[in-house]
Amino acid sequence: MTYSYTQISQYLSCPRRYRHRYLDGWQEKDTRASMLFGRAFEQALAALFRREDPAGVLFEQWGLCKDMGLTYSGNDSWDRMLQQGIQLLEHFAQDGRVRIRQPQHHQQIQFRKPVAGKNDFVAYIDAIGEMDATKSVLEWKTTSARYPEEPEGITALDPQLVCYSWMTGIDEVAQVVFVRKRRVEVQYLRATITDEQRQEFAALVEDTVRRIESGLFLPHSGIRFPQNPCTSCPFIGLCLDKRDLVEATLVRKPGVDLGLFDELVY
């Protein structure tokens, strides 16, 4: 088996959700505008570092989604999101805080590690470059709300950044957060991941893989005020046996999918 950060995190959040997604083949339909915009925006960023036309790439890639019947949040629309994306690209280029040498080779990089016997763990890193002249693992995020910056050092607790540091062996990690709001903003969040954190994450992966391979997928019911994770879970229709909910939010696909994009927070 090949595992990813997404698979590990989904199992830890709810083993039954993992079974629906990875064993039974159910996937959430790609109709969320924020998710598809995030993918188009990342392609525009890659073009920026290749010294191509990032605004043109964003328009082209986002244009492919225009007539897909997307679900928009709040006051979002296709035109508004395009405008925000172009403004964010301009802000980011003007800041000039991030540099990627040899962008053809140092963006969307695949890393693999053996885990738990004959299994593999795979991760795709957005980029390896420099932020403020410090070599760092770089992660792009597009979101409609600012990421927390307090207390100081909180970014180091992000499990996906710990995962990336473990996979690459690079201590310094950075999130570049592209905030889509009325007045767009680019956040630059950095952290130093310790060797102890990497060892703990490796142990967590090994333990979780063994639990997955045990074949026990008990549900973690999440309906209790104030946190109700079940209400936002795309697989709630399966757990409640509500065919209308299943048909509205899910599609069943054959084959193996590592779900590498499931956890991207757009």
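The preceding data block contains the structure.
Treat the numbers as computed from the prediction; the structure is a model and nothing was measured. (Residues numbered from 1 in each chain as written. Predicted model: local features only at pLDDT ≥ 70, side-chain atom pairs only at ≥ 80, totals over all residues. Heavy atoms only, no water.)

Assigned secondary structure in the protein chain consists of 10 helices and nine strands. Relative to its length of 266 residues, the protein chain is compact, with a C-alpha radius of gyration of 19 Å against a globular reference of 18 Å. Counting over 266 residues, the protein chain shows a buried share of 45%. In the protein chain, 69% of the contacts between residues at least 6 apart in sequence involve partners at least 24 apart. Here the protein chain has roughly 14,400 Å² of accessible surface; of this, 49% comes from carbon and sulfur atoms. Positive and negative side-chain charges in the protein chain, numbering 33 and 36 respectively, have mean positions lying 3 Å apart. (Helix = DSSP H or I, 4+ residues; strand = E, 2+ residues; numbered from the N terminus. Rg over C-alpha atoms; globule rule 2.2 N^0.38 Å. Buried < 20%, exposed > 50% of the residue type's maximum accessible area, 1.4 Å probe, protein only. Contact = heavy atoms within 4.5 Å. Areas by Shrake-Rupley, 256 points an atom, 1.4 Å probe, with all protein chains shown as cover. Lys, Arg positive; Asp, Glu negative; His and termini not counted. Charge placed at Lys NZ, Arg CZ, Asp CG, Glu CD.)

Another aspect to go through is helix H7 (residues 195-213). Owing to its 3.6 residues per turn, the α-helix brings residues three or four apart onto one side. Over its 19 residues, H7 runs 27 Å from end to end, which matches the ideal 27 Å to within 8%, given 1.5 Å per residue. Among the residues making up H7, those that are buried are Gln197, Arg198, Phe201, Ala202, Val205, Thr208, Val209 and Ile212. Looking straight down H7, one finds its buried side chains confined to an arc of 140°; they lie on one side. The outward face of H7, more than 90 degrees from its buried face, is lined by the exposed residues Glu196, Gln199 and Arg210. Looking one or two residues past H7, Gly215 carries a phi angle of roughly 80°, positive in sign. (Expected span 1.5 Å × (residues − 1). Arc of directions from axis to C-beta.)

According to the stated counting rule, one finds 16 aromatic pairs in the structure shown. One aromatic cluster in this structure is built from Phe37, Phe41, Phe49, Phe59, Trp62, Trp78, Phe92, Trp140, Phe178 and Tyr188. Here the guanidinium or amino end of Arg180 rests over the ring plane of Phe37, the centre of that ring lying 5.7 Å away. (Phe/Tyr/Trp six-rings, centres within 6.5 Å; stacked < 30°, edge-to-face > 60°. Lys NZ or Arg CZ within 6 Å of the ring centre and 35° of its normal.)

Here the focus is the environment of Ala133. Residue position: Ala133 is located in the loop between strand S5 (119-131) and strand S6 (134-143). Judged by its relative accessible area of 68%, Ala133 falls in the exposed class. Here the alpha-carbon distance between Ala133 and Arg97, two residues 36 residues apart in the chain, equals 7.9 Å.

Residue Pro151 follows Glu150 across a cis peptide bond; omega there is -5°. As for its placement among the helices and strands, Pro151 is situated in the loop between S6 and helix H6 (159-168). Residues other than glycine seldom take positive phi values, yet Arg51 does so here, at roughly 65°. The residue Arg51 is located in the loop between helix H3 (33-49) and helix H4 (54-63) in this model. At Asp241, a position not held by glycine, the phi torsion is positive, near 60°.

Tallied over the full model, the rule gives 17 salt bridges. When the shortest N-O distance is used, the salt bridge between Asp132 and Arg190 registers 3.6 Å. With Asp132 in the loop between S5 and S6 and Arg190 in strand S8 (residues 185-192), this residue pair connects regions lying 58 residues apart in the sequence. Relative accessible area serves as the criterion here: at 36%, Asp132 is assigned to the partly exposed category. Classification of Arg190 as partly exposed rests on a relative accessible area of 31%. Notably, a salt bridge pairs Arg198 with Asp195, separated by 3.9 Å at the nearest N-O pair. (Salt bridge = Lys/Arg side-chain N within 4 Å of Asp/Glu carboxyl O.)

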